[in-house]
Amino acid sequence: MIELSTYQQRRLRLAEQMQGGVAVIPTAPERPRNRDSVYPYRFDSYFHYLTGFGEPEAALVLVAGAAPKSILFCREKNPEREVWDGFRYGPAAAREEFGFDEAYPITELDAMMPKLLADQPSLYFHLGADSDWDARAVGWLNAVRAEVRNGIAAPSAIRDVRVLLDEMRLIKSTEEIAALRRAAEISTAAHRRAMQQVRPGRHEYEIEAELLHEFRRMGAQAPAYSSIVAGGANACVLHYVDNGAVLRDGDLLLIDAACELDGYAADITRTFPVNGRYSAAQKDVYEIVLAAQAAAINAVKIGASWDDPHQAALKVLAQGMIGLGLCTGSMDGVLESGDYKRFYMHKTGHWLGMDVHDVGDYKRGGQWRKLEAGMVLTVEPGCYIRPGEGVPESLWNIGIRIEDDVLVTAQGCEVLTLAAPKTVAEVEAVMEEAI
Ligand code: GLY
Ligand code: MN
Ligand code: MN
């Protein structure tokens, strides 16, 4: 639960970092209805980070300066629409409940913006995210420019407000870490449930349903991304989301799935045997990916570079691939040539937060950035072995990824998703319980 005062502090911090000027941060549009079907609404993460306000058709206007001012534009109350779509705060109640200085109907935004931008040095906005909003921003600017002969100056700069917000969002507060922890807890419970429900002959979608059951049962609003439930060869398709195949005895099942809770995401992958026991070949590959993940997690600490965990994982994977007969030569040679990319073609992680691929630069001034306390990232090495020339047949169609969510701490790091079974012994024991 994020306190009201936290949102107010975030707005003040943003205002402090702006060099004067006015920021406009709109929320996300609603998904168009498919005839009369209504889809769940998901706010824009930047807007929500600054407001906590969950309704569509809203925008925050932040006027920086000696006495910063937060103005919410939102839908008016509408008793008839509220019968169909639910409660709306309306500007007066929203101002009160969410602690804004002022609030107005969203229909007044275009008329008020030229006045708010008059004599301001800059407009902080994210150009290019939404063409309708871009057009509105150009309209406001042109309306102020039309007033030059009346002695009014138009902003001379448009700055990307997200550059400031990305840095703020990158370091997670105690409240945010608590939300991430809870999203992780629900998601790990879902992975345990999936392990206990899987049987040869069941479909991938039946296991997906078990995951969704656990997410919703425990109060998560939605999956944080489309669940990947990929049996056998499907695990070698990185963005597999069909989830329609039958699970076969002797195959592995790769599940990359996690929930979103109160605007914060988890992101977890586990790979386990459909029949409850890893085969010798599956275990050989699994232990390499697990060791690569351990090496990467070990590299997560304050002051390490963003790329250190990836490099640590690559070394273990390259050595492992040589041992498995997938690559030839020395570890350095395999790293140098990039031969490992045939079997491991993605990076070892990304920032995690309100968005599953969360915001924040990975490089600063051309250098990988240094890890700091409060950053949260995924660590997700894998190995995907498609049938092919020179590939030992015993390894064909083995696709494995192991993904955890990791918080950088003063002591090193904390894995938030440890409760999802991971070692061969843990996974087999949890699956055994269910039989
Ligand atoms: N589930 C998305 C990812 O692992 O990056
Ligand atoms: Mn991920
Ligand atoms: Mn994932």
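Residues numbered from 1 in each chain as written. Chains lettered and ligands numbered in written order. Predicted model: local features only at pLDDT ≥ 70, side-chain atom pairs only at ≥ 80, totals over all residues. Heavy atoms only, no water.

### A look at the site of ligand 1
Alright, step 1. Around ligand 1, the neighbouring residues are Tyr 225, Asp 256, Asp 267, His 350, His 357, Glu 380 and Glu 403.
Alright, step 2. At 3.2 Å from a nitrogen atom of ligand 1 is found a side-chain nitrogen or oxygen belonging to Asp 256.
Alright, step 3. Residue His 357 places a side-chain N or O atom 2.6 Å away from an oxygen atom belonging to ligand 1. (Near = heavy atom within 4 Å. Polar contact = N/O pair within 3.5 Å; in protein donor to acceptor, adjacent residues only side chain to side chain.)

### Observations regarding the coordination of the manganese ion (ligand 3)
Alright, step 1. Those donors, Asp 256 (OD), Asp 256 (OD), Asp 267 (OD) and Glu 403 (OE), are the protein atoms that reach the manganese ion (ligand 3), and they lie 2.1 to 2.4 Å from it.
Alright, step 2. Around the manganese ion (ligand 3), the six donor atoms are arranged such that angles at the metal cover 57 to 170°; this shape is classified as irregular.
Alright, step 3. Sequence spacing of the donor residues for the manganese ion (ligand 3), all on one chain, is D-x10-D-x135-E.
Alright, step 4. Separating the manganese ion (ligand 3) and the manganese ion (ligand 2) is a distance of 3.3 Å, and Asp 267 donates to both of them. (Donors = N, O, S within 2.8 Å, 3.2 Å for Na, K, Ca; no water. Tetrahedral: all angles 85-135°; square planar, octahedral: opposite > 155°, others 65-115°.)

### Brief notes about the coordination of the manganese ion (ligand 2)
Alright, step 1. At this site the manganese ion (ligand 2) is bound by Asp 267 (OD), His 350 (NE2), Glu 380 (OE) and Glu 403 (OE), with donor distances of 2.0 to 2.2 Å.
Alright, step 2. Considering all six donor atoms around the manganese ion (ligand 2), the spread of angles at the metal, 51 to 152°, places the coordination shape in the irregular class.
Alright, step 3. Mapped onto the sequence, the donors of the manganese ion (ligand 2) take the spacing D-x82-H-x29-E-x22-E.

### Let's talk about the state of the cysteines
Alright, step 1. Within the structure shown, the criterion is met by zero disulfides.
Alright, step 2. The thiol of Cys 383 is not disulfide-bonded; the next cysteine sulfur, from Cys 236, is found 8.5 Å away.
Alright, step 3. In this structure Cys 383 comes out as buried when scored by relative accessible area, which is 3%. (Disulfide = S-S within 2.5 Å. Buried < 20%, exposed > 50% of the residue type's maximum accessible area, 1.4 Å probe, protein only.)

### Regarding the sheet that holds strand E10 (residues 259-261)
Alright, step 1. Strand order in the open sheet made by the three strands is E7-E10-E11, with antiparallel pairing throughout. If you trace the sheet from one side to the other, it starts and ends with strand E7 (222-223) and strand E11 (264-265), each paired once.
Alright, step 2. With respect to the sheet, helix H8 (residues 174-197) is in contact with E10 and E11, its orientation differing from that of E10 by roughly 145°. (Pairing = 2+ DSSP bridges. Helix = DSSP H or I, 4+ residues; strand = E, 2+ residues; numbered from the N terminus. Contact = heavy atoms within 4.5 Å. Axes fitted to C-alpha atoms, helices over the stretch in contact; angles between N-to-C directions.)

### Notes on unusual backbone geometry
Alright, step 1. Even without being glycine, Glu 57 reaches a positive phi, approximately 55°.
Alright, step 2. Relative to the elements of secondary structure, Glu 57 occurs in the loop between helix H2 (45-51) and strand E2 (59-63).
Alright, step 3. Residues other than glycine seldom take positive phi values, yet Asp 262 does so here, at roughly 50°.

### Details of helix H10 (residues 280-298)
Alright, step 1. The end-to-end C-alpha separation of H10 is 27 Å, in line with the 27 Å expected for 19 residues at 1.5 Å each.
Alright, step 2. Where H10 is concerned, the buried positions are Ala 281, Gln 282, Val 285, Tyr 286, Ile 288, Val 289, Leu 290, Ala 292, Gln 293, Ala 296 and Ile 297. (Expected span 1.5 Å × (residues − 1).)

### Some thoughts on the nonpolar core
Alright, step 1. In this structure, Leu 14, Ile 25 and Phe 272 are the most contacted members of the largest nonpolar core, which totals 120 residues.
Alright, step 2. Every residue in contact with Ile 25, bar those within four places of it in the chain, is listed here: Leu 14, Tyr 46, Phe 47, Leu 50, Ala 59, Leu 60, Val 161 and Leu 165.
Alright, step 3. The next biggest cluster of nonpolar side chains, apart from the first, holds 20 residues, and it includes Met 113, Leu 123, Leu 141 and Val 144. (Core = buried A, V, L, I, M, F, W, Y, C linked by side-chain atoms within 4.5 Å.)

### A closer look at the pattern of salt bridges
Pairing between side chains of opposite charge can happen when the charged atoms of each approach one another.
Alright, step 1. All chains considered together, the criterion is met by 28 salt bridges.
Alright, step 2. Of the charged contacts, one joins Arg 81 and Asp 85 as a salt bridge, the two residues approaching to 2.9 Å between their closest N and O atoms. Here Arg 81 pairs with Asp 85, and both are found in helix H3 (residues 79-85), just four residues apart, close to one helical turn.
Alright, step 3. The exposure class assigned to Arg 81 is partly exposed, which follows from its relative accessible area of 28%.
Alright, step 4. With a shortest N-O distance of 3.2 Å, Arg 248 and Asp 251 are connected by a salt bridge.
Alright, step 5. Within the structure, one salt-bridge network assembled from shared partners comprises Arg 42, Arg 169, Lys 172, Glu 260, Asp 355 and Asp 358. (Salt bridge = Lys/Arg side-chain N within 4 Å of Asp/Glu carboxyl O.)

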